[in-house]
Structures are given as C-alpha cells and as structure tokens.
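Chain by chain, the residues:
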Amino acid sequence: MVLSSVLGFPRIGKNREVKKAVEAYWAGKSSAEELQKVAAETRKWNWTSIKEQGVDLIPSGEFTLYDHVLDHSAAFNAIPPRYVGLGISDLDVYFAMGRGRQADGVDVPAAEMKKWFDSNYHYVVPELSEQTEFKLNYNKALNEYKEAKAAASPNFQPISLLPKLLPIYKQLLSELKAEGVTWVQIDEPHLVMDVAEQHAEHYTSAYTELVKDAPNLLVTTYFGRLGSNLSFAAKLPVAGLHIDLDREPKQLGDVLNAVKDTSLVLSLGLVSGRNIWKTDLTAAANLGRQAVETLGADRVIAATSSSLLHTPVTLASENKLTNQQKDWFSFALEKAGEVATLAAILSDSQDAAVAKKLEENKASIAQRRDFEHNSDDAVRKRVAAITSEQLQRKNPFPVRREAQKKHLSLPKFPTTTIGSFPQTKEIRQARAQLTKGAITEEQYEEFIKKEIDSVVKFQEDVGLDLLVHGEPERNDMVQYFGEQFQGFVFTQNGWVQSYGSRYVRPPIIVSDVSRPHPITVRWSSYAQSVTKKPMKGMLTGPVTILNWSFPRVDISRETQSKQLALALRDEVCDLEKAGIYAIQVDEPAIREGLPLRRVDWDNYLTWAVDSFRLATSGVEDSTQTHSHFCYSDFNDIFPSIQRLDADVISIEASKSDLKVLNAFQQFGYKNEIGPGVYDIHSPRVPGEQEIKDRIKAMLNLLPADLLFVNPDCGLKTRGWKETEASLKNLVAAARWAREEFA
C-alpha cells in the first residue's frame, strides 16, 4: 500500500496564535509557561488536523518558536560565547540569538540571518568554530514526539566538525528508537546543490554511522533535483529517500533507475509545498504510478514536495474569496488531504469517496485552465514589444552622478532610511476601520496626511538628508502594490512565516498584470510638498513582487516579471513627472530567486536584471535610482549586481560583519552604496560609537565619496522609541564622518 506523508506544517497557528504569544512574552505581558502552553496547543491542533485529513505519516519535531535551524544550534550547544553567562533563562538566550537583547543589563546583537535556499523564509545562521563543543542540551525531537504520542580560524571548515557532531545525532536517534519511533525524517536539501558532490564521502560515512542504532531514516531533499548527487545519494545506507517532483518532475526516471535494485523506500513530492494551487491529481497520480510500477506500492510514499511551512494553514479561514477563486487553491490542510487522496489512488482504492474526489479535482483543474486562456492581449503585446533601448539609461553612471549632485545637493556621507517607518497601533487601527467602513475614505486620507507630516518633520528634526514619506498607507511592501495592480487576488488569513514572529500574507497572481492608475505618486508628492529636502519615492521591484507572491504556474516567471516591470516603469516615470527625483525600487528578493543549480543561473539572472532595468531606465540622468537588497551573498553574482546599474544600492550588512562588502571591493564597484550600519530586525539601539566604528570599517573597503549611511532595512516592525534613538545616533555618526574624512 502507498502511504501518505507531510514533510512539515506551518507552525504559526491557525489564527497566528504563536506570533501573538511570542510577542506577548517579549513584551513581558505573559510568562514562559503561558508561551509554551500556546505552543503545545498549536502542535496538538496541527497533528490532529493533519490526521483528520487521512495522512499516514504525521511530522513532529519541526515546530519552532522562532526558527528551526536556531533550534538545532541551541539543542546541539552551538551557542556563541557572547550568549553564554548572561544570567538569563535558556529561552531568553534562544531569543537573544534570534533577535538580540538590550534589557536587564544585557546588550548583545542578534546572530546572522540568511534566506532558506530560494525561499523567503529566513533562518539564523549557526556560528561554528574549532572551539564549538557539541552536546545534546535537550532532545527536542524526542520531547515533541512524546507530546504527539500522548496528544573560525582562516583554514577552518565547518564540515571538519562532523565527527564531533555525529555522536550527538546518534544519541538523539537512539533515544527516539528506544521510545518506539519507527521512522525519522532527516532533511538534506543540501543534496540538490552543486556543492554537495564535494561531500559525497561525508554523506556516506555519516549515514553509515547514524543507522547503527536508529529508526528507519528517510533522507529528504527538496526545492530542486538530485542531479549528479544521485550517484551517491541512492547508495546511502538509509531506509528511504524523498525527492521533489513538483519542482523537478523530470528527475523521476533517473531516480527510479538508481533505486530500483535497492531496498530504498521512495517518497514522492507530488503535492507542492511552495505554492497554493490545487494539485492536478490526475497528473500527479500518473507520476506516482511510474514509481509504483517500478518499485511496488509498499516502497512508495505519496508526499508533499517539502514542508508546508511555506503555505497558509487552511482555506477554511477564507470568507472573501469567490467560490471560483477558492476552487483554484489548496493551502496546507487541504494539501494534506491531497496527499492522502493520492496515496489512496496509487493503492488502487475502490472507495467511492476517493473516486468522487478525483472527478471533482478534474473538473476544478479544467475550469482553471479555461480561465488561464483569457489573457490580457494588450499586456502580452506590450511584453512582446520590449526593446533593448528600454533597458538602458540615457548615459553612464559618471554622467548621471554629476547631474544628480546638482539636482539633489546631498552632502558627503548622505543619510537616509530604507523607506518604511514604524507601523503603529494607530495606523493599523485606522486601516482596519477603513476596511470595516467605520471611517470614510476622506477621514482615512486625512489620517495618512498627518502621519506623513509627522514622519517628515521627525526626519527634518533629526537631520536626515534624503527623506521618505514613511509608507503609513501600506500594509505590506508587496501586497500594497498587488492590490493596485490588475491580476492579483488576496487572502484574509493566508499568513506565512518569514522569520520568528514576522509573518507575511503573499498575494496570488492569477492573471496578466497591469497598472490601471498611479499608485504611489499622490503620497510621495504630498510628502515632497511639506519639505524643502529631497523626497525619495518608494517602490517594490518586479522580481521581488514575483518572488514574494504566489506566482502562476501556467506561464513562465520571466513573463510575469516583465509584466510587473512594465507596470512599475509607468509608476517610476509618473513619480519623476510629479517632482520626485530620487526613486527607490527595492529588489531584496533578487538573490533568493537564484536557481539552486549553477547551470540554471544565467537564464534567471538575464531576465531578472532586465526586469529591474526595464522598470527603472525610463527616467532622466538627474533622477537618482536606488535599490535595496536583503541578506545576499553577492560574490557569485556580482557582475549581475553591477549590470543593474542602479545609482545607489543599499544592502543589509550589519549581521555579516561586513563580509558582504568584500565583493564590492574585489570587483571594484563604482556606483554609490549604503551598507546597513545597524540591524533593524533587533530591538536593541546601536550606540553612536558603534556606528562610527562601522563606518570606519566600511571605509577600509569602499571609497568615502560613494558611501551612503542608512539602516539595514525598513523600520516598519520597530517601535518609535528605538527608531528615534537609533537614527539620532546614525546622523551623529555621519556628521562625525564628514568632519573626520573631509
């Protein structure tokens, strides 16, 4: 019989209960015990709900209060020395590693964060060194299984620590086996990367050790294809192997040939863990039958392609989508039902209920395909008519820079922010009141004007040079634009975890995208009207809107990106016409969208960079274009960063000890750049001297005349008290730099 499996599930709670509980604990409004109670209730709901969908293999141990990689660092004692001996609880040490801490005499920054492969999920990077001493501080996997059952030196290479780490894993696995656990899923998404081939011997030796006193081990890959790594992955001495057939269905034949003469159970990722579209059960079953025919039903598991943490919890919470729209989609709980149905189909179930579900699914998929054929011909023709001239600024950067100096009159080491200012309780309440009809559109707009007045005055008072309007009217940097474009739909409760207690509600692209009217011009123009300092217009870039939405699967990502770029190009040109001569088009997701296999990079980078240039190249030389990037390792793609040709780029750099700037020095970056001087994801306030030291360190790598001074990212999630203190220190440090390096 074919079994069904879910690799992981959203850990946020059906109604974001975990976020609320975690933030209440941080604010001192609830105890650790109250927080853990909410966590336990959420885990129980997850397990029960998945079981009710008919899934055979239900995951435990993947729940987290902040980040699952941070959980492993804490459990395996990979705790950096700066977090040891602080005199605070283990839970507070855990959160300090994730978000920093500045309270009760403790002042430590957060650990570095990066994106999880090519997703928008952020993980806390383990800090390992030759001095790291692994031990099992607690067995999180075992504890949650019981709960479910009842309800650097220069030459240092982290892989060299493998012999020290394996005994800890063996202890963990043996304890699970002693408790009666029969299967353990071990995620190894690294196996879809090119670099994994270098570690073939490490994989083999590690799993040879791990299986000695362990339950059946299922090695899980996702987000890509095994490719050449299949040659050793198929020979690992484990009980099962999982592959992603949503992203890479063509790998099935090679995998079947590699495992057919082994005893490996093959877990098939037939239901997408990364999108929200209803699974075509007929197509998925056809793939699954190939495996059943080759291996037999007892060696096949029908599963999600990856953990479902990247999808919303359930469609049952959506009351405003039309019946037609709801019929297109499948969220985490519905996907659990899909894998159960697929397992039944592949087991040749004669159950009439299964046959009914299959027929209903066929009808739904057919109706969606019919809708997809109704394209916007004007949009398609405009994309087809894009020319190379539309991708070029009128003159090269040195010429533009001289024009911008005269036009904007910014000082040396100009100060600015990345765009958003704190989204206060009052702002959220006003937006909610407008949605409910409790206030009129006119009342809401007056409220927004007052917020902009306040933010602009604050920036003038604190002494910032290039101002922003603060974005009080925006709910989310992607959702806001999607709501103004044609071609998107939105959920009420489609929350997905980005990191810690930061959740996002990705828009869904359902048809061709266009801009029916200007989006940001009104508020940016108003903000410019109340100050003599230059105002920066704020837009989200086409690649980021695409990567942070749930895209269509019937047309290419390239086509969708260029549709978005054309819509944004119109907005950029309208901002310039309205007197906004600095325009930021953020692309924080351009690096995360990079394919995991290097052979696929060139195609992606070509259309991604072209999309940005298409959006930004329609302005005059005197208009300064900016862009912002998040958590990006630039070395491998630096020529593409240069080809963006933004006049100014800002990057998150404070958590990486400025390592990211080495690439800018190495490749001789010639445009202006603003590396973040402090981490906005942490509530701690950086001291003035701390920022001065960071500027001095930056000047060892970058020319002084190219340096902007700004925070790491937008200030939306921060409070006003810490924002005011941090920005005052930032401006003071920049003024010092002007005198020190005049």
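These numbers come from a predicted model, not from an experiment. (Residues numbered from 1 in each chain as written. Predicted model: local features only at pLDDT ≥ 70, side-chain atom pairs only at ≥ 80, totals over all residues. Heavy atoms only, no water.)

J.: Hey, could you run me through the overall build of the protein in this one?
T.: Counting its regular elements, the protein contains 26 helices and 19 strands. Taken over the C-alpha trace, the protein has a radius of gyration of 26 Å; the compact-globule value for 742 residues is 27 Å, and the two agree within 12%. Dimensions of the protein, computed from C-alpha atoms along their principal axes, come out at roughly 75 × 60 × 50 Å. Evaluated residue by residue, the protein yields a buried proportion of 59% over its 742 residues. Put simply, the protein shows about 29,700 Å² of open surface, and 49% of that area lies on carbon and sulfur atoms. The protein carries 88 positive and 98 negative side-chain charges, and their two centres are separated by 2 Å. (Helix = DSSP H or I, 4+ residues; strand = E, 2+ residues; numbered from the N terminus. Rg over C-alpha atoms; globule rule 2.2 N^0.38 Å. Buried < 20%, exposed > 50% of the residue type's maximum accessible area, 1.4 Å probe, protein only. Areas by Shrake-Rupley, 256 points an atom, 1.4 Å probe, with all protein chains shown as cover. Lys, Arg positive; Asp, Glu negative; His and termini not counted. Charge placed at Lys NZ, Arg CZ, Asp CG, Glu CD.)

J.: Even after reading the chapter, I still don't get the UniProt feature "active site" (unreviewed entry) in the protein, so can you show me in this structure?
T.: The sites that UniProt annotates as "active site" (unreviewed entry) are His 681. On the secondary structure map, His 681 appears in the loop between strand 19 (672–675) and helix 25 (688–699). A relative accessible area of 8% means that His 681 is categorised as buried. (UniProt positions renumbered as here; feature names shortened; annotations may be inferred.)

J.: For this particular structure, what's the right way to read the side chain of Ser 682?
T.: Mapped onto the secondary structure, Ser 682 falls in the loop between strand 19 and helix 25. Once residues lying within four places of it in the same chain are set aside, the contact partners of Ser 682 are Arg 99, Gly 100 and Arg 718. (Contact = heavy atoms within 4.5 Å.)

J.: I keep staring at the sheet that holds strand 6 (residues 183–187) and nothing clicks. Help me out?
T.: As a general point, the strands of a sheet are linked pairwise by backbone hydrogen bonds and lie either parallel or antiparallel. Across the sheet, which stays open at both edges, the six strands sit in the order 1-10-9-8-7-6 with parallel pairing between neighbours. The outermost strands of the open sheet, each flanked by one partner alone, are strand 1 (3–5) and strand 6. Each strand axis lies, on average, 25° off the axis of its neighbour in the sheet, ignoring direction. Alignment of strand 8 (residues 240–244) against strand 9 (residues 265–271), held across five bridges, turns out to be parallel. (Pairing = 2+ DSSP bridges. Axes fitted to C-alpha atoms, helices over the stretch in contact; angles between N-to-C directions.)

J.: Honestly, the pairing of strand 6 in this entry has me stumped. Any pointers?
T.: Side chains on a regular strand alternate between the two faces of the sheet. Residues Val 184 and Ile 186 point to one face of strand 6 and are all buried, whereas Trp 183, Gln 185 and Asp 187, pointing to the other face, are not buried. Taken together, strand 6, helix 7 (residues 200–210) and strand 7 (residues 216–220) constitute a β-α-β crossover, and its handedness is right-handed. (Right-handed = clockwise from strand over helix to strand, strands pointing away.)

J.: I keep staring at the side chain of Thr 341 and nothing clicks. Help me out?
T.: Examined against the element boundaries, Thr 341 turns out to sit in helix 12 (residues 332–346). Apart from residues no more than four positions distant in its own chain, Thr 341 is found in contact with Leu 281, Val 354 and Lys 357.

J.: Can you help me understand the sheet that holds strand 17 (residues 624–629) in this one?
T.: The strand order across the open sheet formed by five strands is 15-16-17-18-19, and the pairing between neighbours is parallel. Only two strands of the sheet have a single partner each, and these edge strands are strand 15 (536–540) and strand 19. Pairwise comparison of adjacent strand axes, ignoring direction, gives a mean angle of 20° for this sheet. Where strand 16 (residues 582–586) and strand 17 come together, three bridges link them in parallel fashion. Bridging across to strand 17, Ala 582 finds its partner in Gln 624.

J.: What is the right way to read unusual backbone geometry from this model?
T.: Among all residues save glycine, negative phi is the norm, and among peptide bonds the norm is trans. We note that Arg 16 has phi near 60°; this positive angle belongs to a residue other than glycine. You will see that Phe 117, though not glycine, has its phi angle at about 55°, which is positive. Here Phe 117 is to be found in the loop between strand 4 (113–115) and strand 5 (122–124).

J.: What exactly am I supposed to notice about helix 25 here?
T.: When the terminal C-alpha atoms of helix 25 are compared, their 17 Å separation across twelve residues agrees well with the 16 Å that a helix rising 1.5 Å per residue should span. When helix 25 is considered as a whole, its buried residues turn out to be Ile 691, Lys 692, Arg 694, Ile 695, Met 698 and Leu 699. The buried residues of helix 25 all sit within an arc of 160° when viewed along its axis, so they share a single face. Buried positions along helix 25 lie against helix 24 (661–666), strand 19 and helix 26 (720–740). (Expected span 1.5 Å × (residues − 1). Arc of directions from axis to C-beta.)

J.: Just to check I follow, could you spell out the UniProt feature "binding site: L-homocysteine" (unreviewed entry) in the protein for this structure?
T.: Following the UniProt record, the feature "binding site: L-homocysteine" (unreviewed entry) maps to Ile 418, Gly 419, Ser 420 and Asp 586 here. Spanning 169 residues, the named residues nonetheless gather at one spot, since no C-alpha pair among them exceeds 11.9 Å. Relative to the helices and strands, Gly 419 resides in the loop between helix 15 (397–408) and helix 16 (425–436). Discounting chain neighbours no more than four positions away, the residues touching Gly 419 are Val 468, Gly 470, Glu 471 and Met 538. Relative to the helices and strands, Ser 420 is located in the loop between helix 15 and helix 16. Classification of Ser 420 by relative accessible area gives buried; the value is 11%. Apart from residues lying up to four places away in sequence, Ser 420 is in contact with Gly 470, Glu 471, Gly 714, Leu 715 and Lys 716.

J.: Help me understand the pairing of strand 10 (residues 300–304) in this model?
T.: Most of strand 10 sits out of view: five of its five residues are buried. Strand direction decides the pairing type here: strand 1 and strand 10, joined by three bridges, are parallel. Across the sheet, residue Ser 5 finds its bridge partner in strand 10, namely Ala 303. One ladder, built from five bridges, connects strand 9 with strand 10; its direction is parallel. Bridge pairing in strand 10 places Ser 267 opposite Ile 301. Assessed by its sense of winding, the connection that carries the chain from strand 9 through helix 10 (residues 281–295) to strand 10 is right-handed.

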